[in-house]
Amino acid sequence: MSTALPPNPSPQAPPEKGTSLTADAWRRLKRNKLAVVGAGLLVAITLLCIVGPLFTGYNPEETDPKNAFLAPSDEHLFGTDSLGRDYFTRVLVGGQTSLMVGFVATLVCLIVGTLYGAVAGYYGGRVDEILMRFVDFFYGIPYMFLVILIMVKVQGDEATKASAVPVFLSLGLVQWLAMARIVRGQVLTLRDQEFVLAARLTGASDARIILRHILPNVLGIVIIYATLTVPAVILLESFLSFLGLGLELSWGVVVSEAVNVVNPVRSYWWLLLWPSVFLAATLLSLNFLGDGLRDAFDPKSRR
Amino acid sequence: MVETLVLLAFLGLIVSTLWWPRPVVRAVGAAFVGGLVFLAFRGPLGVLGAALPALGVAGLAAWGLPQRVLKRVCFMVLSLVLLVFVTTWLMYSVPGNPFASEKQANEQVRAALRAKYGVPESATEFFVLYMGRVLGEGTLGPSLKSQGRTVEELIFPAFPVSMSLGILALTIAVGLGLFLGVRAGLKPNSWSDSGSMAVAMVGISIPNFVIGALAILNFSLLLGWFPVAGWGGYQHLILPAITLALPYAAYIARLARGGTIEVMQQDFIRTARAKGLSERAVVLKHALKGAILPVVSFLGPATAGILTGSFVVETLFTIPGMGQWFVKGAINRDYSVVLGCALLYCALITMFNLLVDMAYALLDPRVREEL
Amino acid sequence: MYRTLLGIVAAFVVALLVVGLTFSSAAEAPADYTFINGTEPKSLDPALITGQPEGRIADAIFEGLTRRNTKSLRPEPGVAESWEVSTDRRTWTFHLRANAVWTDGTPVTAHDFAWSWRRMQEPELGAEYAYLLHVVKLAEAFNLYKSNVTALVGPREEEKESLAEGVAKIREGWAKAASPETPGIEAGVWQAFLARHKAQEHLKGCPDRVVDEALSRTSGSLDAAALAAFEEAVRREATRRLAVHEEAVAHFGIDRGAFAKDDRTFVVELGAPTPYFLELTCFYPSYPAPRHVVRPVDTGDILKDEVRDWFLPKKIVSNGPFRLADWRVNHRIRMVRSESYWAKERVKLGVVDALPTENVTTALNLYLTGQADWLPSNYPPDLVKDLRKRPDYYANPGTVVYFYRFNCTKKPFSDKRVRQAVCLALDRATIVEHITGKGEPVAPSMVPPGIPGYEPPSSAIRTDLERAKQLLAEAGYPAGQGFPAVSILFNTQEGHKKIAEFIADRLRRDLGIPVEAKNQEWQAYQDNVRLLKYDMARAAWIADYPDPNTFLDMWITNGGNNQTGWSHAFYDRLIQHAVDPEAFAAGEPESLVASMKEQDKARALILAVKSARDDAARVEAAGRLRMHLFREAEAILVQDEFPIMPIYFYVVSGLVRPYVKEFYRKLVLPDGSTAEDLQDLHPFHDVWIDAEAKRAERFR
């Protein structure tokens, strides 16, 4: 939800290939308790969200207003919401969307940002300067406008069908800038390495060099930053839900609905507790895992 | 169609700054610097009063500023104009308009309102009109939703509010973030590392509106320590500032941890320890320094973000700050407020990045030499 | 060195904090009475505002000819100390009190009212509520006829063509094509053409039969001769309107319509007897604006002459019980007792604050902790079941209907059997009982109960799932088979969302049709509804004045607020004749009566109008005939056509502290009986705070 902009990464040596190094990294990662716990938790939550709704025996959209706001019980593990829908199922299905938004939007940002950054870094010079100036330019636009306006635009154009595509697009498109900067920094240091020169001598085209030789080498760092982008995107989606601009059902949606019914007048605390626990656990896991990966695979760029 | 052409022309112009010959950059850059000064001072000093310092500053700039800075100014000013254009275009292309209301007013009413507020039906026309207003009259124009007020009158009174909230939030964020980050970085992979980072990450793992709501529930409604909402005194400041600070504290802790780990592996730490410096002194003198450097470069964007991106906190605590305008402007399609906010944000980002560069130079001798 | 640096930074931080706080807050005493106003008013110019948050402030700082009685909300003497009305109920004469003054000491005169009413109708002002005063003679002509004429015969700006030019172009096209048989334009295409030119809007109230018939043509086709006659009629109408407009410019607000006879006598001439006219004189569009502040010089160019920010605290001059002391956007509006108000000794509150809190939880928290004394409706809707049990909760039915629009131009809802099926399948009782939960009555019709003199027709809308399934099968979708995927469009708000999700779920399960709820932010939602880019869309309609017309005239063909694409010629004619029932009775009513549902009743009413002995009796009979025309029109909506699905009528509720005195939760009429407060208005001019009770109150 913040405008956290990672500063320009310092150029650094590429991670060299070699089983020993990777094994080394794995060992470092495994020593990082938080990262290990995070990875486990993440897998568990993802599985639960995907498989769980099949076994709860409820449809997340089946309403029963007579049984609204039931407290957690054997029948309804997490109770029911304001329309009497089974909250456990809703939280799990909401998790599916939230996770999907996080991963798909990150994928969008990853593809756009990586290609952009790779091109800028590979060609360098004027091309680099021009491309990076546009990144600077986009940094100058308040991202809030971009998200809201893109969202409204795409959503408004297809008035008769609910869809998650605008959310993916708008969230992905505000996150790619950081990715582009990081990749560019990496590629800048890679492009003069022997293996690239060798590829160039064999007459490989620029596109081939970028795709086949350079990108595989930055993939590690890209994945690390992607791991940190996913929670940021999920959090941003929850903010959009708070504004009422988000999806039909996601963690952001259920949480922002629940915030209004925890009050001294009447506290339906379970409505806020459960999705918050899931959301927080997922985001914490992703953040820890991302930090752990970075520590392990990229020991010099602990920023 | 016209919009696309104009957009391409703009992009071309901005890109072309890279090839501009030195004298052109000097002249145009200096003119831009003078123009900015003129716009800033024409409000309080009038046209003539502003022209004098503007000319002076332009002359000084042409004479004294390094080529790199002038080039940067050229780019910045041109991209501000592009920013206005792109934002206008985007606003016009989304559904809705500033004068929509639930009950459809007749055609005549809509036309009268458009005429009154100077909002033509086409984006390009509006852009021309807007730029004319900003450059010609030196005003950001009337708000379309808060009638009778200009955008300045809406945003400027909100500035001190956002400033007091932001400065406190930033202090908390830096303090908390540094503390947790350094603590974590001193003993990587230990329990104190895990614990500190787990605490630090709360800010970016729970949505702000949940943290804020829970804070109000516990500390205001149940314990009664703070007012539930409002603005006016120091007591109104505490909860919102903490809520606002937490996400930033998380990022700062992450940066500080990395910086600390790196600096603690350096040789001079071993030297310092060998010299018999106490662990406390080592941490305070060296580790902290290592932690601060990466944090400082984050402070520029963080400050701009904290000043303008506090919509949630302002809504929950009904605080009359600037953050609301960034969201409300877009939601209400208040075109002039949106453009005013975009310009302000751009200016803030630029300004704080400059400040950060200066602070960096002060802290790190290597960078000082580079500058 | 670091220590110094740290010191500098710390000092800097503290300094900025202090400076920021000092500049942003003036420590002020708390108000006597604070309420949550829901949102920031857009303006406080009585001629230009439309919403409730604006209205609450305007009612406190301005005063019209009459003001609302705190107990009954009935008009009582305001700036006017007395008034009389002519026997034909078309001329009202108001006598202004001598001690009514603006806050700057200038007396409030009849000229102020005449000027303000004229200003409101000035086309260039763009007042949305101008139409409310169109009941005054020449007002509509002054306000709209000029733009009508431009739209009808030109010249128009840019590439737009006028209606007459458009018609001529069609005919010319035929002439060029030189086909042997007389070409014609098919009714559907014709209606689309009319809609594009907003013909219904610009020809509204045109007495010409040729126009009437051409506009209401929804079947068959129009040939060249019909078009020529129509064009001729349009030009005739334009000429007539131009003449009337010029007359209005010369006389309206000066010596005709609404004008000052002398400084203290204000005369209003109405086009037709209007039962609710006096209500309008205590509604903010009719409030006076201080001419000497709003338009100190008058060169005839509104855009230049008007002081844009005259209603902001620095400049405002007003005439109500309070004056505007401070207005900090997103923070607070502060009003203090006006020392120049004619009844200032009866105003007990010294300082009143309005908070623009939009977040419902924050609003409730402010109320719970005693930082606000009155919270009108802005609490989290899900808490209503618990709030209802509190003694400080109050609720009143409102003249607001909550309904869904069907897009009648697109499959499947172009088929009225499908529309009826959905109407019949809906379980309204569950919605009001378990979802909205304030005790809302379910809505079988469009017009809410409580409008004086109007009884809604019987309705075919009820819950009957068997019949619904049968209708769906008749329409070709047995058990929902083959039904295209449709969505319910609603604008972002929790209450709308719950209802839409419930209805979608039940339609899926009960009728087997694929429906999903689709959320859109306000602006996009509005655009899509207007452009008919939806299947079903949530809507609500608030009465502007207590009369069925406000709920029914929107459904005429191509009406600006119709937005369903529904068109019904007979309906249009009923609504049009309701404007002037006396003329309808005197003309040839039988052509219409023959298609009515309750013909005997209609004939009896027409006879009563014709045979009335005096003015008063005729006015009264015409009023009843008018209500009958509305009843027939509404019957078409809810018995035959179902372009809309009424769901429930609003209940407006709120929380108010018991120590707030002279705040009426229910109306107390002059005869001592109680009544519902349909408008949810709670004037401040008599309110006082029982300080002892307030001290005894335990918050939280």
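Remember, it's a predicted structure, so these values are computed and weren't measured experimentally.

1. Examining the overall build of chain B
Part 1 of the reasoning: Across its full length, chain B holds 16 helices and zero strands.
Part 2 of the reasoning: Its C-alpha atoms put chain B at 80 × 60 × 40 Å along the principal axes.
Part 3 of the reasoning: Taken over 371 residues, chain B has a buried fraction of 51%.
Part 4 of the reasoning: For chain B, the share of sequence-separated contacts (at least 6 apart) that also reach a separation of at least 24 residues comes to 73%.

2. Quick look at the overall build of chain C
Part 1 of the reasoning: For chain C, the helix and strand inventory stands at 26 helices and 22 strands.
Part 2 of the reasoning: The C-alpha atoms of chain C give 28 Å as radius of gyration, which agrees with the globular expectation for 700 residues (27 Å, within 12%).
Part 3 of the reasoning: Each of the three principal axes of chain C carries a C-alpha extent, and together these read 95 × 70 × 65 Å.

3. Focus: the packing of helix α2 (residues 33–56) of chain A against helix α10 (residues 269–297) of chain A
All names here are of chain A.
Part 1 of the reasoning: Axis separation between α2 and α10 bottoms out at 8 Å; the angle between their running directions is 135°. Judged on the interaxial angle alone, α10 and α2 are oblique. Of the two possible hands of crossing, α2 and α10 adopt the one that is left-handed. On α10, the residues that touch L34, A35, G38, A39, L41, L42 and I45 of α2 are F278, A281, T282, L284, S285, L286, F288, L289, G292 and L293.
Part 2 of the reasoning: Residue classes in the contact of α2 with α10 are distributed as 13 nonpolar, four polar and no charged.

4. Concerning the confidence of the model for chain C
Low-confidence regions, as indicated by low pLDDT, have predicted coordinates that should not be scrutinised in detail.
Residue and element names in this part refer to chain C.
Part 1 of the reasoning: Per-residue pLDDT for chain C has a mean of 88; in total, 97% of the residues score no lower than 70.
Part 2 of the reasoning: Looking across chain C, the model is least confident in helix α1 (residues 2–24), with a mean pLDDT of 72, and most confident in strand β9 (residues 265–269), with 96.
Part 3 of the reasoning: Confidence estimates for the predicted assembly give a pTM of 0.89 and an ipTM of 0.87.

5. What about the interface of chain B and chain C?
Note: interface size is frequently given as the accessible area lost on complex formation between the parts.
Part 1 of the reasoning: With 47 residues of chain B in contact, the opposing surface of chain C contributes 50 residues.
Part 2 of the reasoning: Of all elements in the fold, only α4 (107–117), α7 (158–186), α9 (208–222), α13 (311–316) and α14 (323–332) of chain B reach the threshold of two or more residues within the side of chain B that touches chain C.
Part 3 of the reasoning: When the residues that make up the side of chain B that touches chain C are grouped by side-chain class, the tally is 24 nonpolar, 17 polar and six charged.

6. Things to note about unusual backbone geometry
All names here are of chain C.
Part 1 of the reasoning: In the segment running from G154 into P155, the intervening peptide bond is cis, with an omega of 0°.
Part 2 of the reasoning: With omega at 0°, the peptide bond leading from K411 into P412 counts as cis.
Part 3 of the reasoning: Looking at the element boundaries, P412 is found in the loop between β14 (393–406) and α15 (416–425).
Part 4 of the reasoning: One non-glycine residue with positive phi stands out, namely S377, at about 60°.

Definitions and limits used
Position labels on residues start from 1 in each chain and follow its written sequence. Here every chain gets a letter starting at A, and every ligand a number starting at 1, in the order they are written. In keeping with the model being predicted, local features are shown solely for residues with a pLDDT of at least 70 and side-chain atom pairs are shown and tallied solely at 80 or more, while totals for entire chains, interfaces and linings include all residues. Only DSSP runs of H or I covering at least 4 residues are called helices, and only runs of E covering at least 2 are called strands; the numbering of each starts at the N terminus. Partly exposed residues are those falling between the two cut-offs: more than 12 but fewer than 20 other C-beta atoms within 10 Å of their own, whereas 20 or more means buried and 12 or fewer means exposed, with C-beta atoms placed from the backbone. We call two residues in contact whenever the C-beta atoms placed from their backbones are within 7 Å. The globule rule is 2.2 Å times the number of residues to the power 0.38, and the radius of gyration it is compared with is taken over C-alpha atoms. Here an axis means a line fitted to C-alpha atoms, over the contact stretch when the element is a helix, while the angle between two N-to-C directions is reported on a 0 to 180 degree scale. Orientation categories follow fixed angle ranges, with anything under 35 degrees roughly parallel, anything over 145 roughly antiparallel, 65 to 115 roughly perpendicular, and all other angles oblique. It is the rotation of the near helix from the far one that decides the hand of a crossing: anticlockwise by less than a right angle makes it left-handed, clockwise makes it right-handed. Polar here means any residue outside two lists: the nonpolar Ala, Val, Leu, Ile, Met, Phe, Trp, Tyr, Cys and Pro, and the charged Asp, Glu, Lys and Arg; Gly therefore counts as polar. The quantity known as pLDDT measures the predictor's confidence residue by residue, on a range of 0 to 100.

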